[in-house]
Amino acid sequence: MTMPHHALEIVLTRPLAQAELRDAARVLPLAANHNATRLMALVHAKTSHQAARRLRHRLGALLPIDVITTHYPDADHKVLLNVAFPAAAHAVLKAAACRVHQSPERFVELALHRALAQHADQETDRLDRAVRELLTHTTPAHLLSAVGHALTRLPERPTR
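Rules used throughout
Residues numbered from 1 in each chain as written. Predicted model: local features only at pLDDT ≥ 70, side-chain atom pairs only at ≥ 80, totals over all residues. Heavy atoms only, no water. Core = buried A, V, L, I, M, F, W, Y, C linked by side-chain atoms within 4.5 Å. Buried < 20%, exposed > 50% of the residue type's maximum accessible area, 1.4 Å probe, protein only. Helix = DSSP H or I, 4+ residues; strand = E, 2+ residues; numbered from the N terminus. Contact = heavy atoms within 4.5 Å. Pairing = 2+ DSSP bridges. pLDDT = per-residue confidence, 0-100. Axes fitted to C-alpha atoms, helices over the stretch in contact; angles between N-to-C directions. Salt bridge = Lys/Arg side-chain N within 4 Å of Asp/Glu carboxyl O.

Undergrad: Lay out the nonpolar core in plain terms, naming residues and giving numbers.
TA: In terms of nonpolar packing, the biggest core is built from 20 residues, with L55, L59 and L63 touching the most fellow members. Only β1 (5-12), α1 (18-27), β3 (38-44), α2 (48-59) and β4 (65-70) provide two or more residues apiece to this core. Of all the elements, α2 adds the most residues to this core, at four residues. Once residues lying within four places of it in the same chain are set aside, the contact partners of L59 are I10, A24, V27, L28, L30 and I65.

In structure tokens:
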């Protein structure tokens, strides 16, 4: 049985100098984005967890790695998030997880899910308020027509 390659994305804490990128690419082939703050790598390992650990072990001393994620979701539609916390933060996290009888990994996973759900709820509320405001100045039919027209054009970038 052959081991698969895992596509991993590396988010850096700062842009890399060309020499840093060149040195890291000698250890493991990398693809960088336009400003060298994000990298892509293919890592040979049995699991995505092993791939992320292997990547951090091989490049951690060479690069200012903030987060490593799997580039593609797994069969459960989940993306691996690999974060190396400073020792003090890890100790606090471990103690908080222990108080609720969870592993630190599960504690962070649940906290992240709660934060994402809260963000989604806030975004839904924001959009609801915006639509209600728009409806004070037009009819539902005109608003629906305008939304349909806007959605048929490709946005240059998300607006806020």
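Undergrad: Describe the pairing of β4, with residues and values.
TA: By the criterion of burial, β4 is predominantly enclosed, with five of the six residues buried. Relative to β4, β1 runs antiparallel, the two sharing five bridges. Paired with V11 across the two strands is V67, which belongs to β4. Both β4 and strand β5 (residues 81-83) contribute to a ladder of three bridges, which runs antiparallel. Bridging from a neighbouring strand, V67 pairs with V83 of β5.

Undergrad: Give a detailed account of the environment of Y72, specifying residues and quantitative values.
TA: Its place among the elements puts Y72 in the loop between β4 and β5. As a C-alpha pair, Y72 and H6 span 66 residues in sequence and 8.6 Å in three-dimensional space.

Undergrad: Any details on the confidence of the model for the protein chain? Residues and values, ideally.
TA: Summarising the model, the protein chain shows a mean pLDDT of 91, and 95% of its residues fall at 70 or more. Within the protein chain, the element-level pLDDT minimum falls on β5, averaging 89, and the maximum on β3, averaging 95.

Undergrad: Can you explain the environment of D125? Please cite residues and give values.
TA: Looking at where D125 falls in the secondary structure, it is placed in helix α4 (residues 104-135). Judged by relative accessible area, D125 falls into the partly exposed class, the value being 44%. When the C-alpha atoms of D125 and A25 are compared, they prove to be 45 Å apart, with 100 residues separating the residues in sequence.

Undergrad: Outline the sheet that holds strand β2 (residues 31-32), supporting the account with residue identities and numerical values.
TA: The antiparallel open sheet is built from five strands, whose spatial order is β2-β3-β1-β4-β5. Only two strands of the sheet have a single partner each, and these edge strands are β2 and β5. Packing of α2 onto the sheet brings it into contact with β1, β3, β4 and β5, and relative to β4 it is tilted by some 155 degrees.

Undergrad: Residue-level account of the pattern of salt bridges, with values.
TA: If the charged atoms of two oppositely charged side chains come close together, the side chains can form a pair. By the definition in use, this model includes seven salt bridges. Salt-bridge contacts for R26 lead to D23; the nearest nitrogen and oxygen are separated by 3.1 Å. Of this pair, R26 and D23 both sit in helix α1, three residues apart, which is roughly one turn of the helix. Salt-bridge contacts for E109 lead to K78; the nearest nitrogen and oxygen are separated by 3.4 Å. Linking E109 in helix α4 with K78 in the loop between β4 and β5, this pair joins segments that are 31 residues apart in sequence.

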